[in-house]
Amino acid sequence: MPDLRETLWSAWRLYSHPRVLVMLFLGFSAGLPYLLVFSTLSAWLADADVDRAAIGYFSWVGILFSIKVFWAPVVDRLKLPLLGRLLGQRRSWLLLAQVGIGLSLSAMALVEPVGHLDRFAQLALLVAFCSATQDICIDAYRIDSADDSFQGAMAATYILGYRVAMLVAGAGAFYIASYDSWNGAYQVMAWLMGVGVLTTLVIREPDTPPRQSFGRAPGQWLETALIAPFRDFFSRYGLLALGLLGLVAVYRISDITMGVMANPFYLDIGYTKNEIATVAKFFGFFMTILGSAVGGLAVLRWGLGRSMLVGAVGVAATNVLFAVMASYSPVTQVVVEPEQVRWLALTWLAAVISADNLFGGFANVALIAFMSSLTNRNFSATQFALFSSLMTLPGKFIGGFSGEVVKAAGYPTFFNYAALLGVPAILLTLWWMQRRRSAAPETDRG
């Protein structure tokens, strides 16, 4: 079995590389605050009997994650006075953001939502702002610290750390709150941000071009920070840039749109909350990690083109599996042979969840590696922030109409509709692969 041994050895060398391993801990630091300003925070507010309309408004905090491109140029170019000299451009901003998250979570733990909702909202906004800033820093650090051949694996380990942190901030916070309180849970989460702080202090600053100080020439700084990153991208790719941005924008539409209605679908066809938690959340977590690991290895061995294509086709195809499950679900036949049918129903769910999360993790890694390959290291934070914002905004917007589609046409039609939304990603990936083969412009990052 020489081929298998060679593959396993290649995977071990790739994922044990220090630059790859460090993304595991930075991913944990990035994933921890995410749920703490979303679903976990909603649970705390609901438990405190906060008005449901107010809880809905709290979800707007997440807009900060989609507009981080607006302050990414500052993070990319502005050198912090003291920390910048001690730690360097990337690590100084990263440490500042992580400390900000930890302190904001600690402050939330000292405030009761009822009677102090305005202050609570302000602290949640601060957590989200610092968390989005940390995302900018980590993306820039990843791109600056290694060449394209490592980007897939670094994205995979980042996603692993991110997913582990989401388990901690989700199930872990619920567990702590049930035995202590939500305040105690958030205090523990604040201390866990120490994982990111220690990582930032240990890692080495990547080799990047010197950054221009804002104070020396404000006009020149603004031109360099705000205009140059976009001018650089369009000058390197010309009209091709519009197609590349289109590919980034549509690549995850199918996945994001389907995800909006996944949990309601499981409940509506008869699965229990425990079954959903066990199969869709816990088991699905490991399938996502497996898909991410395979995706990182695929980028290294197959290259970006074939990896992107496999991810796009796989994500669209798994939505068809959901449509099949919606048309014929063994759960609805539980009255016939309860035990046998229930096992069959769970097998169906596990199979579909396995395929969906496997290809979802694979496609996400391929897309992150693709976006990384488009950036110029002189403007890595700003350009990648643009790509990552573009990556989710269309899917979130279209996903908002998912309930209307289900209400009007039912789940089978909705999942087929979600699958069709993946066709533009497949076509644009094929177009990009053809352009690379025939007349490919320069794709290095400077």
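These numbers were taken from a predicted model, which means no experiment stands behind them. (Residues numbered from 1 in each chain as written. Predicted model: local features only at pLDDT ≥ 70, side-chain atom pairs only at ≥ 80, totals over all residues. Heavy atoms only, no water.)

Enquirer: How should the overall build of the protein be read in this particular structure?
Expert: Summing up its helical and strand segments, the protein has 23 helices and zero strands in all. A buried classification covers 54% of the 446 residues belonging to the protein. Across the protein, every contact between residues at least 6 apart in sequence was considered, and the portion connecting residues at least 24 apart equals 83%. About 19,800 Å² of surface is accessible on the protein, with carbon and sulfur atoms providing 68% of the total. (Helix = DSSP H or I, 4+ residues; strand = E, 2+ residues; numbered from the N terminus. Buried < 20%, exposed > 50% of the residue type's maximum accessible area, 1.4 Å probe, protein only. Contact = heavy atoms within 4.5 Å. Areas by Shrake-Rupley, 256 points an atom, 1.4 Å probe, with all protein chains shown as cover.)

Enquirer: What exactly am I supposed to notice about the packing of helix α8 (residues 89-109) against helix α12 (residues 194-202) here?
Expert: Where α8 meets α12, the axes come as close as 9 Å, and the angle between the chain directions of the two elements is 165 degrees. If you check the angle between α8 and α12, you find them roughly antiparallel. As for the relative orientation of α8 and α12, their crossing is left-handed in sense. Along the contact surface, α8 presents Arg91, Leu94, Leu95, Gln98 and Val99, while α12 presents Gly196, Val197, Thr200 and Leu201. Tallied by class, the residues present in the contact of α8 with α12 amount to five nonpolar, three polar and one charged. (Axes fitted to C-alpha atoms, helices over the stretch in contact; angles between N-to-C directions. Parallel < 35°, antiparallel > 145°, perpendicular 65-115°, else oblique. Left-handed = near helix turned anticlockwise from the far one by under 90°. Nonpolar A, V, L, I, M, F, W, Y, C, P; charged D, E, K, R; others polar.)

Enquirer: I'm lost on the packing of aromatic side chains in this one. Help?
Expert: By convention here, two paired aromatic rings are described through the distance between centres and the angle between planes. Taken as a whole and assessed by the stated rule, the structure comprises 16 aromatic pairs. For the ring pair Trp44 and Tyr186, a centre distance of 4.8 Å and an interplane angle of 50 degrees mean the geometry is tilted. Of the two residues, Trp44 is situated in helix α3 (residues 39-47) and Tyr186 in helix α11 (residues 182-192); the sequence distance between them amounts to 142 residues. Across the pair, exposure class does not vary: Trp44 and Tyr186 are buried alike. One aromatic cluster in this structure is built from Phe322, Tyr411, Phe414, Phe415 and Tyr417. (Phe/Tyr/Trp six-rings, centres within 6.5 Å; stacked < 30°, edge-to-face > 60°.)

Enquirer: I'm lost on α8 in this one. Help?
Expert: The α-helix winds at 3.6 residues per turn, so residues separated by three or four positions along the chain end up facing the same way. With 21 residues, α8 extends 31 Å from end C-alpha to end C-alpha; this agrees with the ideal 30 Å at 1.5 Å per step. Counting buried residues in α8 gives 17 out of 21 residues, a clear majority hidden from the surface. (Expected span 1.5 Å × (residues − 1).)

Enquirer: Which parts of the structure should I look at to understand the pattern of salt bridges?
Expert: Pairing is possible between side chains that carry opposite charge, provided their charged atoms lie close to one another. Under the defined criterion, the tally for this structure stands at five salt bridges. Here Asp76 and Arg90 are joined by a salt bridge, their closest N and O atoms 2.9 Å apart. A residue pair is termed long-range when its members are at least 10 positions apart, and Asp76 in helix α6 (residues 72-77) and Arg90 in helix α8 qualify at 14 residues. Judged by its relative accessible area of 0%, Asp76 is buried. Taking relative accessible area as the criterion, Arg90 reaches 3% and is therefore assigned buried. Where salt bridges share partners, they join Asp76, Arg90 and Asp144 into one cluster. (Salt bridge = Lys/Arg side-chain N within 4 Å of Asp/Glu carboxyl O.)

Enquirer: Can you walk me through the environment of Asn378 in this structure?
Expert: The residue Asn378 is located in the loop between α19 (338-374) and α20 (380-399) in this model. Placed 149 residues apart in sequence, Asn378 and Pro229 show a C-alpha to C-alpha distance of 8.1 Å.

Enquirer: How should empty space enclosed by the protein be read in this particular structure?
Expert: Where empty space is left can be seen by rolling a probe of water-molecule size over the atoms. Scanning the model with the defined rule gives two cavities of 30 Å³ or more in all. If you go around the second largest cavity, the residues you meet are Val250, Tyr251, Ser254, Ala312, Val315, Ala316, Gly422 and Ala425. Its residues placed into classes, the lining of the second largest cavity shows six nonpolar, two polar and no charged. (1 Å grid on protein atoms, 1.4 Å probe; cavity = no way out; pocket = protein on both sides within 12 Å on 5 of 7 lines; lining within 4 Å. Points joined across faces, edges and corners; volume = space filled by probe spheres on them.)

Enquirer: How should I be thinking about a nonpolar patch on the surface in this particular structure?
Expert: On the surface, Leu420, Val423, Leu427 and Leu430 cluster together into a nonpolar patch covering about 370 Å² of accessible area. In terms of residue count, the dominant contributor to the nonpolar patch is helix α23 (residues 423-438) (three residues). When you line up the elements, Leu430 lands in helix α23. (Patch = residues over 30% accessible without salt bridge, like charges linked within 9 Å, V, L, I, M, F, W, Y side chains within 5 Å.)

Enquirer: Explain the confidence of the model for the protein to me, please; I cannot follow it from the model alone.
Expert: Any region with low pLDDT has predicted coordinates that should not be read closely. Averaged over all residues, the pLDDT of the protein equals 82, while 84% of them reach at least 70. pLDDT under 50 marks residues 441-446. Its contacts with residues more than four places away, or in other chains, come to 18 contacts. (pLDDT = per-residue confidence, 0-100.)

Enquirer: How should I be thinking about the packing of helix α14 (residues 240-250) against α23 in this particular structure?
Expert: Geometry of a packed helix pair, given as the angle between the helix axes and the separation of the axes. Remark: α14 packs on α23, axes separated minimally by 9 Å, with the N-to-C direction vectors making an angle of 145 degrees. Relative to α23, α14 is oriented so that their crossing is left-handed. Each of Leu240, Gly243, Leu244, Gly246, Leu247 and Val250 in α14 lies in contact with α23, whose residues at this interface are Pro424, Ala425, Leu428, Thr429, Trp431, Trp432 and Arg435.

Enquirer: Help me out: how do you make sense of the nonpolar core in this one?
Expert: The nonpolar side chains of soluble globular proteins are, as a tendency, buried together. Leu105, Met108, Tyr186, Tyr251, Phe370 and Met371 are the most contacted members of the largest nonpolar core, which totals 103 residues. The leading source of residues in this core is helix α9 (residues 117-145), at 12 residues. Core analysis: the second largest hydrophobic core is formed by 22 residues, Ile269, Ile353, Tyr411 and Ala418 among them. (Core = buried A, V, L, I, M, F, W, Y, C linked by side-chain atoms within 4.5 Å.)

Enquirer: How do you make sense of α12 when you look at a structure like this?
Expert: Within the sequence span of α12, burial applies to Gly196, Thr199 and Thr200. Down the axis of α12, the buried set is contained in an arc of 100 degrees. They therefore lie on one face. Across from the buried face of α12, at angles greater than 90 degrees, the exposed residues are Leu198 and Val202. Buried residues along α12 sit against α2 (18-36) and α8. (Arc of directions from axis to C-beta.)

Enquirer: Looking at this model, I keep getting lost on the environment of Ile143. Mind explaining?
Expert: Its location among the elements puts Ile143 in helix α9. In this structure Ile143 comes out as buried when scored by relative accessible area, which is 0%.

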